[in-house]
Amino acid sequence: IISTDWGTRQLVSIINTNNDEKASIENIELSWNKGFTIKGISLTDLSGEKVLFSCERISSDASLLKILRGNKNFGTTNIIEPMLQLEIEDQELEPNISEENFKKNVGSIDHFAKYAAQVNITDGRVAFTHPEMKPIVLANMKAAFQLQPADKIFSLSFKATSEQGKQSGSVDLNSSLKGIS
């Protein structure tokens with residue numbers, strides 16, 4: 001039902017209920033025995049003028065029926081052309097990524113060790129803005145995150161170009177966390 005125009009509109013209406021942002025989705029293709037595809041995703045301010053997030057397409061080969069039956073292998077998810085606009089306020093300039101804060105908000109990495117998944121991001125863009133500085137933009141993002149519970153490995157690969165005013169550079173990060181259980 002969600003794959004129909006009516007179902008997509010109903011889902012968007014539920015998402016937009018009591019929300020400070022306005023979501024829209026162009027199309028959803030969902031099947032019990034196959035993966036899913038969501039196209040034309042956007043999140044704007046309530047006026048619809050300022051785009052906070054958009055994405056050309058998110059697709060996965062994870063079967064809805066297998067997930068509902070408790071299968072812990074979520075297959076491969078591809079996120080194509082995501083764009084995220086972040087406005088940073090003064091009180092947010094100091095990060096708090098302490099171990100205690102991480103465990104409180106995310107939990108232990110071991111919690112995720114029973115799941116298998118791969119997430120690929122292609123042509124991503126993130127812009128950080130603050131009233132007192134020029135925007136920082138990460139563009140041409142390519143990323144891959146992979147959980148391999150059999151090998152007890154979480155791996156990350158991330159590449160992007162960066163720009164701030166006339167300054168430019170690149171980011172290239174590869175990391176593996178071994179021994180998750």
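Each residue is numbered by its place in its chain's sequence as written, counting from 1. With pLDDT at 70 or above as the cut-off, local features in this predicted model cover only qualifying residues; side-chain atom pairs require 80 or more to be listed or tallied, and sums for whole chains, interfaces and linings still use all residues. Calculation of side-chain values draws on the structure's entire complement of heavy atoms; hydrogens and water are dropped beforehand.

Caption draft 1: View of the pairing of strand 2 (residues 36-45). In this analysis, strands are considered paired if DSSP registers two or more bridges between them. Secondary structure elements follow DSSP: runs of H or I no shorter than four residues count as helices, runs of E no shorter than two count as strands, and numbering proceeds from the N terminus. Sheet analysis places strand 1 (residues 21-30) next to strand 2, joined by nine bridges and oriented antiparallel. In the sheet register, Ile 25 faces strand 2, and the bridge partner there is Ile 41. Between strand 1 and strand 2, which follow one another and run antiparallel, lie five residues. As paired strands, strand 2 and strand 3 (residues 51-60) are joined by eight bridges and run antiparallel to one another. Looking at strand 3, one finds that Ile 38 is bridged to Ile 58.

Caption draft 2: Quick peek at the nonpolar core. Take the buried Ala, Val, Leu, Ile, Met, Phe, Trp, Tyr and Cys residues and link them wherever side-chain atoms come within 4.5 Å; each set so joined is a nonpolar core. Note on exposure labels: buried denotes an accessible area under 20% of the residue type's maximum, exposed denotes more than 50%, and partly exposed covers the range between, all computed with a 1.4 Å probe on protein chains only. Grouped together as the largest cluster of nonpolar side chains are 12 residues: Ile 41, Cys 55, Ile 58, Ile 79, Ile 121, Val 126, Leu 138, Met 141, Ala 143, Leu 156, Phe 158 and Ala 160. Within the residue set of this core, elements represented by two or more residues are strand 3, strand 5 (116-130), strand 6 (133-148) and strand 7 (153-164). Any two residues having at least one pair of non-hydrogen atoms within 4.5 Å are treated as being in contact. Beyond its immediate chain neighbours, meaning those up to four positions away, Met 141 contacts Ile 121, Thr 122, Asp 123, Gly 124, Arg 125, Val 126, Phe 158, Lys 159 and Ala 160.

Caption draft 3: Molecular detail of unusual backbone geometry. With phi around 55°, Glu 81 is a residue other than glycine that occupies positive phi space. With a relative accessible area of 42%, Glu 81 lands in the partly exposed category. Here Asp 123, not a glycine, exhibits a phi torsion of approximately 55°, which is positive. Take Asp 123: it is sitting in strand 5. With a relative accessible area of 40%, Asp 123 lands in the partly exposed category.

Caption draft 4: Quick peek at the sheet that holds strand 2. Sheet architecture is open: eight strands sit in the order 1-2-3-4-5-6-7-8, paired in mixed fashion. Two strands close off the open sheet at either side, each with one partner strand: strand 1 and strand 8 (167-178). Neighbour-to-neighbour, the strand axes of this sheet turn through a mean angle of 10°, independent of strand direction. By the bridge criterion, 10 bridges tie strand 6 to strand 7 in an arrangement that is antiparallel. Pairing of Lys 142 across the sheet is with Lys 159, part of strand 7. In this analysis, axes come from line fits to C-alpha atoms, helices being fitted only over the stretch in contact, and the angle between any two N-to-C directions falls in the range 0 to 180 degrees.

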